[in-house]
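Understanding the architecture of this molecule
One-letter residues, chain by chain:
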Amino acid sequence: MVVDNPAGYRCNSASLLLTQKHVSKNVIRSEFEETEPMSIYLLAINVHDMTQVRGETTRGIPVSVLTPPHKKAGAQVTLEWAIKALDHFERYLDCKYPFKKLDLMGIYDFNAGGMENIGMIHLLYDCAYIDKESITVKALLYCRVVIVHEVSHMWFGNLVSVKWWDDLWLKEGFARFITSYAMDQMKTDRKAGAHMFEVLDSSYVQGIEVDKFKFTKPVRQTLRNSYDAAAMFNSLSYAKGAFILKSVERLIGAAAFRTGLRDYFTKFKFKSANFDDFAACFGNITNRVSVGDYMKKWLNQPGFPIITSERVGNTIKLEQTRFTESPKYHTSQSWYVPLNYKTEKSSPTSYRLMMEKNWVIDYTVDHGYSLSNTFSILNSNFGHWYALDTDNIVFGLHQYEDDNYKLLALALRENSFVLSNATKMVEVTNLELLMKSSRINPQIVLDISRYVSKEANMDVVSKWWLTLLYIKRNLQDKDLYMKFNIYLRSLLIEKVRNAVKLSFDDTKAWVLRKNYCWLLILGVKWRVKEAIHAARELYHRFKEGNHINANFLGYILRHYIRKPSHWPILFKRLNSYPQSKSEMQTIIKILAETDSELHQKQLLTFTRTSPIIHRSLVENTLCDISGKNPHLAWTYFKAHYEYYFRLYGESQFSMNSLLECLIENLNTKEDYEEAIAFFKLNSAGTGTSGLKRGLKRAYDSINVNRSRNKSSMKEKVISTTVRKESFDKIFSKWWEDTFSP
């Protein structure tokens, strides 16, 4: 491959650079080695004036990050993680990195986290140049996941490509699944399984939320052409695909799973493959069910199962049905569902396949493993309560009878360690999703949550907090709302006080920093004296020019600028010392919350004219102000149209998002009509599609269609009110039953 590029710039691509020479005064010709066989969509050519931070893997593969000179420190973080990921995947997959080098670089205007071009990974700008001083814990995890995810694609998607987009899950689901394993192996400040849990748990919820609707589509579906492929880049290909692979690995065992992967890479190296090719590299799960048969059940039909259980005499009856938002919706679908159990007196069992729609756990005798629909447990080992799918490998839900929930609640209050952290996370996630779909009474959730004050694992506590917030948000009565806050405080107050005793510097592990920040913010909200004191100290450190972690900088600053007189103080600090982009973004976002039009104009002018403001923050500020004062933001944009067009007009994603947010917030017919007239005379550049979406939403929000939508909106309001009144009654009764003398 030969590339001619302007003199003064360098060129990087998929393969190693052979020669570079001037062919004229203004043109340099770069010649590259021949690439390995590849899908053409994986080719990238970068012409740049960046410097490079370099390193190499244990095996000597050169790795570099292309970076602006002032971002070298952040690029070094990315380099270290890319090298660790390459070394890990070579060991785990027992397959050498298939290309001769790897470069990475950040892209300013990018609509994805990353792109796995062969030998030349593109990353979201902030993920390529990580600011460790001020990045939030959530953003740090996201960036690390993106880096490792894109590196994994060098095998899953690049070494072996998919034959057609209907098997997109084969590279994206695999990358999501294998990334979680890699993150566990590469971290030293978290317990084993923590990253697998965090990455896949979020994928589980993400996928379930999409797949719960009646008219959802299967992971694999027929695509007529490449234009239809865009629809496949969804939560099902990534999240559901990852969970299916997780269950396969667990059912056949890690060793057999890795053997199958080695066969897959050996047979299809530098080729393309489909589902049948992949499945043929693996054996059977049972003598009746192959890996291919098992996966077809999950990939080729929409939705997911809910397993309901009910104790009847000496048996527990299990039934699988398709879960949808409406419990009244029934289908004849069934899945091969891997299940295990833990009881009061036994450890978790190995997983077995539930192959029928109905099963019976008969614990009077032990039949061992059978291919019938009987799943046996020894009577002497059963005890009172039981838990299913203790390691969360089923992409689905399970629901116990009410009595089992009561027994679990009592057991956890007596000893919070009766279930493993992984099992507790599974149960909380199930409870939240079942409650949201009205399949269980929120009172069950409240009963079980009473043990949380004794819970030692902060990831589990955090999950409970989010689940209980759903109930809180649905309370309508102010007195009940206050009582619920009292209940939450009783669960967490000691954890808040213990966290405040630490300084931020004492919590080196990033997960501890996350929980420290979260608990400190709660302490400030609840007016805990020690937390207020800690927040004041951090605020004064910030005023003196010190970096404050972005996890709680926002809340602390909001706490201190409630009075209008504090706004100018914070605005002055914005330009008084060099902040990181994330700090500056946090400060600007808070300043944009002002109701003062004078302050709003001042902020817009500052972000437009200041040389220290990152270009993405200019767009963010205009959008934030638009949310508060649509007319001012639109007027300001028109007055400085040439500036914004010069900055974003040829930048597809930024111009699209800017015009979409700016126009959709317009709330008067006059502004709406003026926007149409303005863009008849002025170009929207690459933001045409964003402008169209914004105009359509503005049209709807100005109630042009009010008469047509009036009845449906009224029904929606009535439905919401009924739900909130129901939560009020449930919580009121639970409070009286639980706390009344």
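Structure shown above.
Keep in mind that this is a model prediction, so the values were computed, not measured.

So, the pairing of strand 8 (residues 102-107)
Among the 6 residues of strand 8, 5 are classified as buried, and the element is accordingly described as predominantly covered. Following the chain from strand 7 (residues 62-67) across helix 1 (residues 72-93) to the adjacent parallel strand 8, one finds a crossover that is left-handed. Alignment of strand 8 against strand 10 (residues 120-124), held across 5 bridges, turns out to be parallel. Counterpart to Ile107 in the pairing with strand 10 is Leu124.

Remarks on the pattern of salt bridges
Summed over the entire model, instances satisfying the criterion amount to 25 salt bridges. The shortest N-O distance in the salt bridge between Arg220 and Asp167 comes to 2.6 Å. Residue Arg220 is found in the loop between helix 5 (194-211) and helix 6 (235-252), and its partner Asp167 is found in the loop between strand 11 (160-162) and helix 4 (169-186); the two are separated by 53 residues along the sequence. Classification of Asp167 as buried rests on a relative accessible area of 1%. Close ionic contact of Asp700 with Lys696 constitutes a salt bridge, the shortest N to O distance being 3.5 Å. With Asp700 and Lys696 both in helix 26 (residues 688-701) and 4 residues apart, this pair spans about one turn of that helix.

Considering helix 26
If you check helix 26, its first and last C-alpha atoms are 20 Å apart, about what 14 residues at 1.5 Å a residue would give, namely 20 Å. Where helix 26 is concerned, the buried positions are Gly690, Leu691, Gly694, Leu695 and Ala698. End-on view of helix 26: buried residues confined to an arc of 135°, all on one side of the axis. In helix 26, those exposed residues whose orientation departs by more than 90 degrees from the buried face are Lys692 and Lys696.

Thoughts on the environment of Leu318
You can see Leu318 is positioned in strand 14 (residues 315-322). The class for Leu318 is buried, based on a relative accessible area of 2%. Along the primary structure Leu318 and Met354 are separated by 36 residues, whereas in three dimensions their C-alpha atoms are 9.2 Å apart.

Examining the packing of helix 3 (residues 137-152) against helix 4
Where helix 3 contacts helix 4, the axes come no closer than 8 Å and their chain directions differ by 120°. For the element pair helix 3 / helix 4, the angle class is oblique. Along this stretch, helix 3 crosses helix 4, giving a crossing that reads as right-handed. On helix 4, the residues touching Leu141, Arg144, Val145, Val148, His149 and Ser152 of helix 3 are Glu172, Ala175, Arg176, Ile178, Thr179, Ala182, Met183 and Met186.

Remarks on the packing of aromatic side chains
Enumeration over the complete set of coordinates arrives at 50 aromatic pairs. Where Phe278 meets Phe282, the ring centres are 4.8 Å apart and the plane angle is 50°; that geometry is what we call tilted. Of the residues examined, Phe282 reaches a relative accessible area of 10% and is grouped as buried. Site record: aromatic cluster; members linked through ring pairs are Phe156, Trp169, Phe174, Phe177, Phe257, Tyr264, Phe265, Phe268, Phe275, Phe278 and Phe282. The ring of Trp81 has Lys84 sitting right over it, with the charged end atom 5.5 Å from the ring centre. One Lys or Arg, Arg608, reaches over the ring of Tyr643 and ends 6.0 Å from the middle of that ring.

Rules used throughout
Residues numbered from 1 in each chain as written. Predicted model: local features only at pLDDT ≥ 70, side-chain atom pairs only at ≥ 80, totals over all residues. Heavy atoms only, no water. Buried < 20%, exposed > 50% of the residue type's maximum accessible area, 1.4 Å probe, protein only. Helix = DSSP H or I, 4+ residues; strand = E, 2+ residues; numbered from the N terminus. Right-handed = clockwise from strand over helix to strand, strands pointing away. Pairing = 2+ DSSP bridges. Salt bridge = Lys/Arg side-chain N within 4 Å of Asp/Glu carboxyl O. Expected span 1.5 Å × (residues − 1). Arc of directions from axis to C-beta. Axes fitted to C-alpha atoms, helices over the stretch in contact; angles between N-to-C directions. Parallel < 35°, antiparallel > 145°, perpendicular 65-115°, else oblique. Left-handed = near helix turned anticlockwise from the far one by under 90°. Contact = heavy atoms within 4.5 Å. Phe/Tyr/Trp six-rings, centres within 6.5 Å; stacked < 30°, edge-to-face > 60°. Lys NZ or Arg CZ within 6 Å of the ring centre and 35° of its normal.

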